[in-house]
Amino acid sequence: MAPFNAEAISVENESAAMELYYQKGWTDGLPIVPPTEERIKAMLDFVGMKKDTVIGSIPERGRVFTAEVAAINAVMAGCLPNYFPVVVTAVSAMGDPDFGLHGPTASTAGAAIMIIVNGPISKTLAMNAGENLFGPGNRANATIGRAIRLLMMNAGGSKEFDRSTLGHPGKFTYCIAENEDTEWEPLHVEKGFDRENSTVTVFAAEGPNQINNHASLRAENILLTLADRMTGLGTFNMGGETEMGVVLCPEHYRDLNKQGWNKASVRRFLYEHAKRPLSDLKKGGYIEAEMEEQDEKTMVHAVPYPESILLLTGGGDAGRFSACIPGWFGSNISRSVTKSILTETGFT
């Protein structure tokens, strides 16, 4: 009996394997690492999982993700075995009913699955939480995010169900770590986990919208610039109850922190100021309806609650560039999910 359920394929060499994977449509357009039995076994052994362990699913499609299938795609993506706990936890979080995996991965809106890693494991894996945060160059960030995309292509039915009109580059890989070397509570602590826990948060999102404010030192002015960018017409955030990510760069963080702000007060300010009158939505063509007298006073918020803002710190030490990240559709259909690597997937 073969050690794995997947069909074994013999090829002349690794170059031939890569060409075969291109021909079969099993790649994202980039070269892959051939998933040999030895490499797959190393992934599973690292987490102590049996090959048939179910770690996630998409019920609407009748798709189930086993540890073996996740390991195959993690190998293909270039992951090292010690990255695999993050991959498995991300798959588990994506399979949570609150995340509603089918919706954002089938929508014409083209959202990608953003992965945020918190806790000690981010430093153990030398993940990037700093300079060029959303860019290339870090193996863990790049390959963990890529493993999720390959899994969705090869086991999640993305080639059949993905109807993205445009998509965005985060569909190749969209994985970051938060910079926790600050005086603020990191995301996972705000979500109720201990600082010593390592967690993975998944969030269906558009690409980052960079925000430039080099002129202001006052906290309120920095945040007003952020709030304005959060209310751009044409996102789901201005059309419904949708979460939004916000990444504060170190220079902006330091100014805010020195002036006595914390994550809770930042979220409250952004919620209160990231809004536009309903008349703006009509004037801008977002809502096609006749103007009414009360429209100037009826306010539309970018997020339904302050807690709907996923607030992170990260990025390079130089440069006053932060970002907002619009979410997908509404939180009643899909919302971010955070899971602990230690307690919810059985790793030690």
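Please refer to the structure higher up on the page.
Residues numbered from 1 in each chain as written. Predicted model: local features only at pLDDT ≥ 70, side-chain atom pairs only at ≥ 80, totals over all residues. Heavy atoms only, no water.

Visitor: Run through the sheet that holds strand β7 (residues 244–248), naming residues and quoting values.
Guide: Spatially, four strands are ordered β6-β11-β7-β10 in an open sheet, and the strand pairing comes out mixed. The open sheet is flanked by β6 (209–212) and β10 (309–313), the only strands paired with a single partner. Averaged over all pairs of adjacent strands, the angle between their axes in this sheet comes to 20°, without regard to strand direction. As paired elements, β7 and β10 share five bridges and run parallel to each other. Counted as the bridge partner of Gly-245 is Leu-310 from β10. Sheet strands in contact with helix α11 (residues 250–258) are β6, β7, β10 and β11 (321–326), and its direction is about 85° off that of β7. (Pairing = 2+ DSSP bridges. Helix = DSSP H or I, 4+ residues; strand = E, 2+ residues; numbered from the N terminus. Axes fitted to C-alpha atoms, helices over the stretch in contact; angles between N-to-C directions. Contact = heavy atoms within 4.5 Å.)

Visitor: I'd like a description of the packing of helix α10 (residues 219–230) against helix α12 (residues 263–273), backed by residues and values.
Guide: Closest axis-to-axis distance for the α10/α12 pair is 9 Å, and the angle between their directions is 50°. One finds that α10 runs oblique with respect to α12. In this structure, the crossing between α10 and α12 has a hand that is right-handed. Taking contact as the criterion, the partners of Glu-220, Leu-223, Leu-224, Leu-226, Ala-227 and Met-230 in α10 are, on α12, Val-266, Phe-269, Leu-270 and His-273. (Parallel < 35°, antiparallel > 145°, perpendicular 65-115°, else oblique. Left-handed = near helix turned anticlockwise from the far one by under 90°.)

Visitor: Give a detailed account of the packing of aromatic side chains, specifying residues and quantitative values.
Guide: According to the stated counting rule, one finds seven aromatic pairs in the structure shown. Ring plane angle 80° and centroid distance 5.6 Å describe the contact between Trp-261 and Phe-269, whose orientation is recorded as edge-to-face. Taken individually, Trp-261 and Phe-269 each receive the classification buried, so the pair is uniform in this respect. Centre to centre, the rings of Trp-328 and Phe-329 are 5.2 Å apart; their planes meet at 35°, and the pair counts as tilted. The exposure class assigned to Trp-328 is buried, which follows from its relative accessible area of 8%. (Phe/Tyr/Trp six-rings, centres within 6.5 Å; stacked < 30°, edge-to-face > 60°. Buried < 20%, exposed > 50% of the residue type's maximum accessible area, 1.4 Å probe, protein only.)

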